[in-house]
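Overview (structure and organization)
Take a look at the letters that make up each chain.
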Amino acid sequence: QVQLVESGGGLVQAGGSLRLSCAASGRTFRTYTMGWFRQAPGKERQFVGNVRSTGITYYTDSVKGRFTISRDNAKNTVYLQMNNLKPEDTAVYYCAGSSYTNPRAAANFDSWGQGTQVTVSS
C-alpha cells in the first residue's frame, strides 16, 4: 500500500482548468497503477482514469480529451490536469493506488487519499 494526499481542488468557472496533485509515500508507488475517482453528492464513486507504472493511461469516456493523468516517479506524485471543466465535473476527487495493471473498479484499489473538492460554476 501507499499513503496518498491530494491537493489542488477549488472553485473554477465552466471552461476553466485545474490541476490536482496526489503525493504518495511508500516504496511501492513506482510499481503501482494510480487512479483518479470522483464522487458527486448523492452519487456513486465514479472512475475517472488511471496511469500505469509505465505511463500508459486509460480514461472514462466522459473525460477523454479534457483530462490528462500523468505521474512523476521521482517525486512520488501523480497529477490530474482538468481542462474545459463543466458543472457536471463538480465532485470530490480521490486519488487511489492499485497493484493491478489496469484497474477501473474501486474494489481493485487498496490505497486511497482523503479527497479534494472540485466545484465548477456555470
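The preceding data block contains the structure.
Now for a quick tour of the structure. Since we're looking at a predicted model, the values are computed, not measured. Numbers given for residues are sequential positions, taken from 1 along each chain in its written order. Local features in a predicted model are, by the rule used here, given only for residues with pLDDT of at least 70; side-chain atom pairs are given and counted only at 80 or more, and totals for whole chains, interfaces and linings are based on all residues. Only hydrogens and water are removed before side-chain values are computed, so all heavy atoms of the structure are retained for them.

1. Comments concerning the pattern of salt bridges
Salt bridges, as used here, are contacts in which a Lys or Arg side-chain nitrogen is within 4 Å of a carboxyl oxygen on Asp or Glu. This model, assessed by the stated rule, comprises three salt bridges. Arginine 66 is the partner of aspartate 89 in a salt bridge, and the nearest nitrogen-oxygen pair spans 2.7 Å. In this pair, aspartate 89 sits in the loop between strand E8 (77-82) and strand E9 (91-98) while arginine 66 sits in the loop between strand E6 (57-59) and strand E7 (67-72), placing the two residues 23 residues apart along the sequence. The residues aspartate 89 and arginine 66 share a single accessibility class, namely buried. Overlapping salt bridges, with partners in common, bring together Arg38, Arg66 and Asp89 in one network. Numbering of helices and strands runs from the N terminus, with a helix taken as a DSSP run of H or I at least four residues long and a strand as a DSSP run of E at least two residues long. Burial classes follow relative accessibility: with a 1.4 Å probe on protein chains only, a residue under 20% of its type's maximum area counts as buried, one over 50% as exposed, and anything between as partly exposed.

2. Focus: the packing of aromatic side chains
Centres within 6.5 Å are what make two rings of Phe, Tyr or Trp a pair, Trp counting through its six-membered ring; a difference in plane orientation under 30 degrees is then read as stacked, over 60 as edge-to-face, and the rest as tilted. Per the counting criterion, the structure on display carries six aromatic pairs. Summarising the aromatic geometry, the rings of phenylalanine 109 and tryptophan 112 are spaced 6.1 Å apart at their centres and angled 55° between planes, so their arrangement reads as tilted. Cation over ring: arginine 45 sits above tyrosine 94, and NZ or CZ is 3.8 Å from the ring centre. The rule is short: NZ of Lys or CZ of Arg within 6 Å of the ring centre and within 35 degrees of the ring normal puts a charge over the ring.

3. Let's talk about the side chain of arginine 66
Here arginine 66 falls in the buried class, since its relative accessible area comes to 9%. For the purposes of these results, a polar contact is taken to be a pair of N or O atoms within 3.5 Å, where, inside protein, one atom must be able to donate a hydrogen and its partner to accept one; residues adjacent in sequence count only when each atom of the pair is a side-chain atom. In terms of polar contacts, arginine 66 uses its side chain to reach the backbone carbonyl oxygen of serine 62, at 3.1 Å. Pairs of residues are marked as contacts when any of their non-hydrogen atoms sit within 4.5 Å. Setting aside its immediate chain neighbours within four residues, arginine 66 contacts Gln81, Met82, Asn83, Asn84, Leu85, Lys86 and Asp89.

4. Quick notes on the environment of glutamate 88
The residue glutamate 88 is located in the loop between E8 and E9 in this model. A relative accessible area of 56% means that glutamate 88 is categorised as exposed. Each C-alpha atom of the pair glutamate 88 and alanine 14 lies 9.5 Å from the other, and the pair is 74 residues apart in sequence.

5. Points about the sheet that holds E8
Strands qualify as paired when DSSP identifies two bridges or more between them. Across the sheet, four strands lie side by side as E1-E3-E8-E7; this open sheet has antiparallel pairing. The open sheet terminates on both sides in strands that have one partner only, identified here as strand E1 (3-7) and E7. Along the sheet, successive strands turn relative to each other by an average axial angle of 15°, direction set aside. Pairing analysis gives five bridges linking E1 to strand E3 (residues 18-25), with the strands arranged antiparallel. Looking at the pairing, valine 5 lines up with alanine 23 of E3. Note on definitions: angles span 0 to 180 degrees between N-to-C directions of axes, and those axes are lines fitted to C-alpha atoms, for helices only across the stretch in contact.

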